[in-house]
Amino acid sequence: MTLPEATVVITSRQRKTDMRRALESCLLQDLNIEVLVFDDASEDGTADMVAQEFPSVRLFRMQDRKGYIDLRKLGFAEARSTNVYSIAAAAHISHPSTVRI
């Protein structure tokens, strides 16, 4: 398995629509990246949407709320790349070369 050139960590709670847009922008990057989503016990179907629509994304579902800071720490620990970027679910990456090293 080839290691990713970059990792994008996204933390979220109750941001299903925003998450879809963020993930679409991540997957348009023009290099080999991994995307990690940490869902902070959402009840709006965010995690289910990620699992169904974005199977290449590594999804971590929290049963109890942890807070975005703790989830970002987990994301950096889980990353398989040394180049890690963290974005909010409400953000999107505006250009396909944004995370290029």
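Scroll up for the structure.
In this text the structure is predicted, and so the values were computed from the model without any measurement. (Residues numbered from 1 in each chain as written. Predicted model: local features only at pLDDT ≥ 70, side-chain atom pairs only at ≥ 80, totals over all residues. Heavy atoms only, no water.)

*Asks:* Residue-level account of the packing of helix 1 (residues 16–26) against helix 2 (residues 46–53), with values.
*Replies:* Axis separation between helix 1 and helix 2 bottoms out at 9 Å; the angle between their running directions is 30°. Classified by the angle between their axes, helix 1 and helix 2 sit roughly parallel to one another. Both helix 1 and helix 2 take part in a crossing whose hand is right-handed. For the pair helix 1 and helix 2, contact is made by K16, M19, R20 and L23 and by T46, M49, V50 and E53, respectively. Residues of the contact of helix 1 with helix 2, tallied by class, amount to four nonpolar, one polar and three charged. (Axes fitted to C-alpha atoms, helices over the stretch in contact; angles between N-to-C directions. Helix = DSSP H or I, 4+ residues; strand = E, 2+ residues; numbered from the N terminus. Parallel < 35°, antiparallel > 145°, perpendicular 65-115°, else oblique. Left-handed = near helix turned anticlockwise from the far one by under 90°. Contact = heavy atoms within 4.5 Å. Nonpolar A, V, L, I, M, F, W, Y, C, P; charged D, E, K, R; others polar.)

*Asks:* An account of the nonpolar core is needed here, citing residue identities and associated values.
*Replies:* If you look at the biggest cluster of nonpolar residues, it comprises 19 residues, and the most contacted ones within it are I10 and L23. At the level of secondary structure, the elements contributing two or more residues to this core comprise strand 1 (6–12), helix 1, strand 2 (33–39) and helix 2. The element contributing the most residues to this core is helix 1, with four residues. Apart from the residues lying within four places of it in its own chain, the contact partners of I10 are M19, A22, L23, C26, V35, L36, V37, F38, I87, A88 and A89. Grouped together as the second largest cluster of nonpolar side chains are five residues, V9, L36, M62 and L71 included. (Core = buried A, V, L, I, M, F, W, Y, C linked by side-chain atoms within 4.5 Å. Buried < 20%, exposed > 50% of the residue type's maximum accessible area, 1.4 Å probe, protein only.)

*Asks:* With reference to specific residues and values, describe the sheet that holds strand 4 (residues 84–88).
*Replies:* Strand pairing in a sheet relies on backbone hydrogen bonds. The paired strands run either parallel or antiparallel. Taken in spatial order, the four strands make up an open sheet running 3-2-1-4, and their pairing is parallel. Strand pairing shows two members of the sheet lacking a second neighbour, strand 3 (58–61) and strand 4, which therefore form its edges. Neighbouring strand axes in the sheet, compared pairwise and without regard to direction, differ in orientation by 20° on average. Lying over the sheet, helix 1 contacts strand 1, strand 2 and strand 4, oriented at roughly 180° with respect to strand 1. Strand contacts of helix 3 (residues 68–78): strand 1, strand 2, strand 3 and strand 4, with the helix running at about 150° to strand 2, the strand carrying the most contacts. (Pairing = 2+ DSSP bridges.)

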